[in-house]
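Residues per chain are reported as follows:
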Amino acid sequence: MTETVHVPLGDRAYDIHVGPGLLAEAGARIAPLLQRPRVAVLTDETVAPLHLDGLRAGLESQGIAMSALALPAGEATKNWAQLARAVEWLLDERVERRDVVLALGGGVIGDLTGFAAAILRRGVRFVQVPTTLLAQVDSSVGGKTGINTRHGKNLVGAFHQPSLVLCDTDILATLPPRDFLAGYGEVVKYGLLGDADFYGWLEAHGPALAAGDLAARGHAVRRSCEMKAEIVARDETEQGDRALLNLGHTFCHALEAATGYDGARLLHGEGVAIGCLLALDLSARLGLCPQEDPSRFAAHLRLMGAKSSLADIPGDLPSAEALLDLMGQDKKVLDGQLRFVLTRGIGRAFVTSDVPRDTVLVLLNEALEGR
Ligand code: NAD
Ligand code: GLY
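### Focus on the packing of aromatic side chains
Right, on to step 1. Using the criterion set out here, one finds three aromatic pairs in the structure.
Right, on to step 2. Pairing F198 with W201 gives two aromatic rings, centres 6.2 Å apart and planes at 15°, and the pair type is stacked. Taken together, the residues F198 and W201, both in helix α7 (residues 196-211) and three residues apart, mark about one turn of the helix. Per residue, the accessibility class of F198 equals that of W201, and both read buried.
Right, on to step 3. An angle of 50° between the planes, with centres 5.8 Å apart, marks the rings of F251 and F340 as tilted. You can see F251 sitting in helix α9 (residues 249-258) and its partner F340 sitting in strand β10 (residues 340-343), a full 89 residues away along the chain. Taken as a pair, F251 and F340 share a single burial class, namely buried.
Right, on to step 4. Lying over the aromatic face of Y190, K189 brings its terminal NZ or CZ to 5.0 Å of the ring centre.
Right, on to step 5. Here the basic side chain of R344 rests over the ring of F350, its NZ or CZ set 3.8 Å away from the ring centre.

### Describing the sheet that holds strand β4 (residues 65-71)
Within a sheet, adjacent strands bond to each other through the backbone by hydrogen bonds, running parallel or antiparallel.
Right, on to step 1. Strand order across the open sheet formed by seven strands is β1-β2-β9-β6-β5-β3-β4, with mixed pairing between neighbours. Looking at the sheet topology across the chains shown, the edges are occupied by β1 (3-7) and β4. Recorded for the sheet is a direction-independent mean angle of 20° between the axes of neighbouring strands.
Right, on to step 2. Sheet analysis places β1 next to strand β2 (residues 14-19), joined by five bridges and oriented antiparallel.

### As for the site of ligand 2
Right, on to step 1. In the vicinity of ligand 2, the contacting residues are D138, K144, K228, E238, R242 and L245.
Right, on to step 2. Within the contact set of ligand 2, a nitrogen atom lies 3.1 Å away from a side-chain nitrogen or oxygen of D138.
Right, on to step 3. Isolated, ligand 2 exposes 200 Å² of accessible area, and the fraction of that covered by the protein chains is 87%.
Right, on to step 4. Classifying every residue of the shell around ligand 2 gives one nonpolar, no polar and five charged.

### Topic: the packing of α7 against helix α8 (residues 214-234)
Right, on to step 1. The N-to-C vectors of α7 and α8 enclose an angle of 135°; their axes lie 9 Å apart at closest approach. Comparing the axis directions of α7 and α8 gives the class oblique. For the crossing formed where α7 meets α8, the hand is left-handed. Residues F198, W201, L202, L209, A210 and A211 of α7 form the contact with α8, whose own contacting residues are A216, R217, H219, A220, R223, S224 and M227.
Right, on to step 2. Here the contact of α7 with α8 is built from residues that sort into nine nonpolar, two polar and two charged.

Rules used in this analysis
Residues numbered from 1 in each chain as written. Chains lettered and ligands numbered in written order. Predicted model: local features only at pLDDT ≥ 70, side-chain atom pairs only at ≥ 80, totals over all residues. Heavy atoms only, no water. Phe/Tyr/Trp six-rings, centres within 6.5 Å; stacked < 30°, edge-to-face > 60°. Helix = DSSP H or I, 4+ residues; strand = E, 2+ residues; numbered from the N terminus. Buried < 20%, exposed > 50% of the residue type's maximum accessible area, 1.4 Å probe, protein only. Lys NZ or Arg CZ within 6 Å of the ring centre and 35° of its normal. Pairing = 2+ DSSP bridges. Axes fitted to C-alpha atoms, helices over the stretch in contact; angles between N-to-C directions. Near = heavy atom within 4 Å. Polar contact = N/O pair within 3.5 Å; in protein donor to acceptor, adjacent residues only side chain to side chain. Areas by Shrake-Rupley, 256 points an atom, 1.4 Å probe, with all protein chains shown as cover. Nonpolar A, V, L, I, M, F, W, Y, C, P; charged D, E, K, R; others polar. Parallel < 35°, antiparallel > 145°, perpendicular 65-115°, else oblique. Left-handed = near helix turned anticlockwise from the far one by under 90°. Contact = heavy atoms within 4.5 Å.

Below is the structure:
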C-alpha cells in the first residue's frame, strides 16, 4: 500500500510517496509533471544494472521516453568534475527549462542531481527516486543539494526542492545489509530527536525491519519522512529548528574526518548512530536527560547489530583533543562556538551552545579508553 507525505512549502510544495512497487508506477506518478513525454535520469554504475530497467518499464508504460547517464558509485562522485559531466550531458540531451530530471540512486546521486538541476538553465525541476534507506528517510527530502570540495563535504550547493519523491521500499531489497543498517542510524535519530513513541516502536520492530519486513520498512520510512517534512516546513533554510536534524552529527562529522571519510571504516549513518549515543551520554552527564537513556539506546544498537561505540571503528583514532578540534571545524559552528543537539530525554532534543568543553573532553577520553 502506498502512503503519501506532503511537504507544505507553498509554491515549492511536493509529495513523497512511500510503498512497494513504485518503480513500476513511476510513469503514472511523474506524468502530471511533464510537458513532454521524456525524462533524463542520473544514476550510478551500481544502481543502474539493478534498477534502471524497472524504471524504464515504469516510464514506458505511460509512453514516457528515458535517457540515462550512470556515474561511478560512491562519495568521490560528488565532485566538480562529475557535476560538470552531468550538466554537460543534460545539455547534450537537450533538457529544457520545463523538463524534469530524475535522480535514481542514494544520497550521492540525489545531492549531485539536485544541484545539477538547480543550476541547469538557472533551475529545472527534478524528481528523487531514492534507492538507499538513508536517501529515502533523509537526503531525498528537504532540498539540500550539493557536492564536496577539497575544503570539505557539502560545501558547495543550493537549496532546491524536488517536485516529487518516490520511495519504493522494494528497491531496498538489493541494498547490502551494512548500508541498510547505516541508513537505520538516521531512522532511529528521528525517534530520539522528536518522537518517543516512534523510538519505542523501533525498539520493538527494528529487527523485523532489518530482516526485510516490508510493512515495517514502509512505516519507518513514512514516519521518518513525515518528521523531516514537518521540520523542513518550519525552517526550510536552517535558521533554527532544522538544526535538530543534526542530532549526533557534530560527533559524526569529527569521526568521519578522523577516519579520512573511508567508508570501509565508518559509513555516515554508522557515525550518526554513534554520535547520537554520545549526544545522549553528554546530555545525561549534564543532568539533562534520564541516566538510563544512553544505555537503553546502546542496547538497541547492539540488538540491531549496528556500530554503537568508538571501539566498533577499525583502525586508530586521534586523541580526544584532536577530535574536539575536528568538531570545531564542523560547518554548523557559529562564531567559533560549538553547537550541540542535546536531549531532555528520548524524543526531546534541543540545540544549545552552552556545553562545557571539559565535559566533552572527559566524555571523548572515556569513549576512547573503551576501545
Ligand atoms: P550512496 O549514494 O553512496 O549509496 C551507498 C552505496 O549503495 C553506493 O555504492 C550505491 O551505489 C549503493 N546503492 C544505492 N542503492 C542501492 C540499491 N538499492 N541496491 C544496491 N546498492 C545500492 O550513499 P548514501 O548513504 O545513500 O548517501 C550518502 C550521501 O548522502 C552523502 O554524500 C551525504 O552527504 C548525503 N546526504 C545528504 C543529505 C541531504 O539532506 N541532502 C542528508 C544526508 C546525507
Ligand atoms: N540532513 C539534514 C538536513 O536535511 O537538514
